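One letter stands for each residue in the lines below.
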Amino acid sequence: MSLDDRKKLILQAIVEDYINSAEPVGSRSISKKPELNLSAATIRNEMGDLEEMGLLAQPHTSAGRVPTTGGYRLYVDSLMERYEMTASEIENMKQLTSMKKRELEKIVRDVAAAFSGITGLPVIGMLPASEAGVVKNIKVVKVDDYTAMLIVSDKSGIIKNRLLKLNRDISEEFANELSRILNNNLSGLTISEINISNMMEIQSAIGHNFEILSTVIELVHEAVSEIDSKQVFVDGLSGILDFPEYSNVDKVKELFEVLEDKENLIRIIMEANPTNCTKVLIGDEIPISELKNNSIVLAPYKASEKLVGLLGVIGPARMDYSKIISILEFFTAQLSNALAKDFGARQILLGDGMKGDN
């Protein structure tokens, strides 16, 4: 049985009606669409054919039809019309994604929160991961009499910073000398290559037992480890409670538990592999069985050629794919442009609220 143009138009109309109503779609409601100009009887026959083809399903006798995973997939791949954002929407989103000198993690999380607020759906985000977690530069900066800042940058240019609370004052000269010694002994090493031998060499170079040395080494390990790891998060989970598909408390609890497990998120991301373009996973295409009644849309953004992160949404299979994809791609494009400009001008901070320049 072939899928002719009339069947495609009817399928498109059913998917879009179901997206808007969350109710099975009947032939009578479709027959009222002037662009089809078809009788209810003709539409019923075509709906029967679409059901035989596995593109529609009938929840129970005498009910209308709902799209299957195959129906949604055909809609997304071939039938969906591109959502055109209004000038007002574009301007509002540009303001939401505008960024000054902020930390990369905060920038991405703020954009994710804004995107979740607009769509009403939970947002999956992944911060860019560095190439190899190789230490490039370490700097100790005196902040005040009893506080110093440790700044660690990796090979990609991302930096992590931490405050050190001291029991004694240090001079700016000593902070500079400690920075020089740390770089001489640790620059170019990966996290796995930093060991007790390095610490002893640093201790020997300093020339006396300085109390913050072990803390400095510990923070170097922590900073490089954080930079090197894939940082995945979910924002706006509570938004799904507004959708009728999530009225069952037990199912919602299960969904929350699945999405709060980072291993599940990483598995989804690896399966979709959205490194170059937007990817849509529908129903059974999602590699987590508990999510088979949902859909996930993921799109990449770039901080540089070698630093790629992503944003995406998870929601009911009847989500408004056209609008979601358009808005998501707008957000990731804006984010990429802003980060690319910012990355070329300075190092991106992944720290905890303190800003510093290397």
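Residues numbered from 1 in each chain as written. Predicted model: local features only at pLDDT ≥ 70, side-chain atom pairs only at ≥ 80, totals over all residues. Heavy atoms only, no water.

## Re the overall build of the protein chain
Right, so step 1: Along the backbone of the protein chain there are twelve helices and ten strands.
Right, so step 2: Taking as baseline every contact in the protein chain between residues at least 6 positions apart, the subset at least 24 positions apart corresponds to 64%.
Right, so step 3: Total accessible area on the protein chain is roughly 17,200 Å²; 47% of this is exposed by carbon and sulfur atoms. (Helix = DSSP H or I, 4+ residues; strand = E, 2+ residues; numbered from the N terminus. Contact = heavy atoms within 4.5 Å. Areas by Shrake-Rupley, 256 points an atom, 1.4 Å probe, with all protein chains shown as cover.)

## What to know about the confidence of the model for the protein chain
Right, so step 1: Taken residue by residue, the protein chain gives an average pLDDT of 82. The fraction at 70 or more is 82%.
Right, so step 2: Every residue in residues 345-358 scores below 50 in pLDDT, and together they form 51 contacts with partners more than four places removed in sequence or on other chains. (pLDDT = per-residue confidence, 0-100.)

## Here we look at helix α1 (residues 5-21)
Right, so step 1: For α1, which comprises 17 residues, the first-to-last C-alpha distance of 24 Å matches the rise-based estimate of 24 Å (1.5 Å per residue) to within 8%.
Right, so step 2: If you check which residues of α1 are buried, you get Lys7, Ile10, Leu11, Gln12, Ala13, Ile14, Val15, Asp17, Tyr18 and Ile19.
Right, so step 3: Between a side-chain oxygen at the N-terminus of α1 and the backbone nitrogen of Arg6 the separation is 3.2 Å; the capping residue is Asp4.
Right, so step 4: Positive phi shows up at Ala22, right after α1, with a value of about 60 degrees. (Expected span 1.5 Å × (residues − 1). Buried < 20%, exposed > 50% of the residue type's maximum accessible area, 1.4 Å probe, protein only. Polar contact = N/O pair within 3.5 Å; in protein donor to acceptor, adjacent residues only side chain to side chain.)

## Let's talk about the pattern of salt bridges
Right, so step 1: Under the definition given, this model contains twelve salt bridges.
Right, so step 2: Glu46 is paired through a salt bridge with Arg6; the nearest N and O atoms lie 2.7 Å apart. Here Glu46, found in helix α3 (residues 40-52), pairs with Arg6, found in helix α1; they are 40 residues apart in sequence, far enough to count as distant.
Right, so step 3: Assessed through its relative accessible area of 4%, Glu46 is described here as buried.
Right, so step 4: Judged by relative accessible area, Arg6 falls into the partly exposed class, the value being 39%.
Right, so step 5: Between Arg73 and Asp77 there is a salt bridge, with its nearest N and O atoms 3.1 Å apart. Separated by four residues within a single helix, Arg73 and Asp77 lie in helix α4 (residues 69-79), roughly one turn from each other. (Salt bridge = Lys/Arg side-chain N within 4 Å of Asp/Glu carboxyl O.)

## Description of the packing of aromatic side chains
Right, so step 1: Per the counting criterion, the structure on display carries two aromatic pairs.
Right, so step 2: Their ring planes at 55 degrees and their centres at 5.8 Å tell us that Tyr72 and Tyr321 sit as a pair that is tilted. With a gap of 249 residues between them, Tyr72 in helix α4 and Tyr321 in helix α12 (residues 321-345) connect regions that are remote in the sequence.
Right, so step 3: Using a relative accessible area of 3% as the deciding quantity, one classes Tyr72 as buried.
Right, so step 4: Here Phe115 and Phe331 contribute two aromatic rings whose centre-to-centre distance is 5.2 Å and whose plane-to-plane angle is 45 degrees, an arrangement assigned as tilted. Note that Phe115 is positioned in helix α6 (residues 104-119) and Phe331 in helix α12, a separation of 216 residues in sequence.
Right, so step 5: On the accessibility criterion, Phe115 (0% relative accessible area) is buried. (Phe/Tyr/Trp six-rings, centres within 6.5 Å; stacked < 30°, edge-to-face > 60°.)

## Considering the environment of Asn185
Right, so step 1: Note that Asn185 resides in helix α7 (residues 172-186).
Right, so step 2: A residue is classified by how much of its surface remains accessible, and Asn185, at 17% relative accessible area, is buried.
Right, so step 3: Put simply, Asn185 and Ala205 are 20 residues apart on the chain and 9.5 Å apart in space, counted from C-alpha to C-alpha.
Right, so step 4: Leave out the neighbours within four places in its chain, and Asn185 touches Asn198, Glu201 and Ile202.

## Looking at the sheet that holds strand β9 (residues 294-304)
Right, so step 1: The sheet built from five strands is open, its strands ordered β7-β3-β10-β9-β8 with antiparallel pairing. Each edge of the sheet is formed by a strand with only one pairing partner; in this case those strands are β7 (232-235) and β8 (279-282). Between one strand axis and the next, the sheet turns by 20 degrees as a mean value, whatever way the strands run. (Pairing = 2+ DSSP bridges. Axes fitted to C-alpha atoms, helices over the stretch in contact; angles between N-to-C directions.)

## Quick look at the layout of surface pockets
Right, so step 1: Approximately 580 Å³ is the volume attributed to the largest pocket.
Right, so step 2: Lining the largest pocket are 23 residues, and of these Glu245, Lys292, Asn293, Asn294 and Ala317 sit closest to its centre.
Right, so step 3: Going through the elements one at a time, β2 (66-67), α4 and α10 (249-259) are the ones with two or more residues in the lining of the largest pocket.
Right, so step 4: No other element matches α10, which puts four residues into the lining of the largest pocket.
Right, so step 5: Looking at the lining of the largest pocket, its residues break down into eleven nonpolar, six polar and six charged.
Right, so step 6: Residue lining of the second largest pocket: 15 residues in total, with Ile118, Thr119, Asp320, Lys323 and Ile324 positioned closest to the centre. (1 Å grid on protein atoms, 1.4 Å probe; cavity = no way out; pocket = protein on both sides within 12 Å on 5 of 7 lines; lining within 4 Å. Points joined across faces, edges and corners; volume = space filled by probe spheres on them. Nonpolar A, V, L, I, M, F, W, Y, C, P; charged D, E, K, R; others polar.)

## Quick word on the pairing of β9
Right, so step 1: Along β9, nine of the eleven residues are buried, which leaves the element largely enclosed by surrounding structure.
Right, so step 2: One ladder, built from four bridges, connects β8 with β9; its direction is antiparallel. In the sheet register, Ile282 faces β9, and the bridge partner there is Ser295.

## A short note on a negative patch on the surface
Right, so step 1: Residues Asp250, Glu254, Glu257, Glu260 and Glu290 make up a contiguous surface patch of negative charge.
Right, so step 2: Here Glu254 is to be found in helix α10. (Patch = residues over 30% accessible without salt bridge, like charges linked within 9 Å, V, L, I, M, F, W, Y side chains within 5 Å. Lys, Arg positive; Asp, Glu negative; His and termini not counted. Charge placed at Lys NZ, Arg CZ, Asp CG, Glu CD.)

## Topic: the side chain of Ser116
Right, so step 1: Relative to the helices and strands, Ser116 is located in helix α6.
Right, so step 2: If sequence neighbours within four positions are ignored, Ser116 has contacts with Leu121, Pro122, Val123, Asp235 and Gly236.

## Re the side chain of Lys7
Right, so step 1: Within the element layout of this structure, Lys7 appears in helix α1.
Right, so step 2: Looking at Lys7, the relative accessible area reads 6%, which means it is buried.
Right, so step 3: Lys7 has contacts with Met1, Ser2, Glu46, Asp49, Leu50 and Met53, leaving out every residue within four places of it along the chain.

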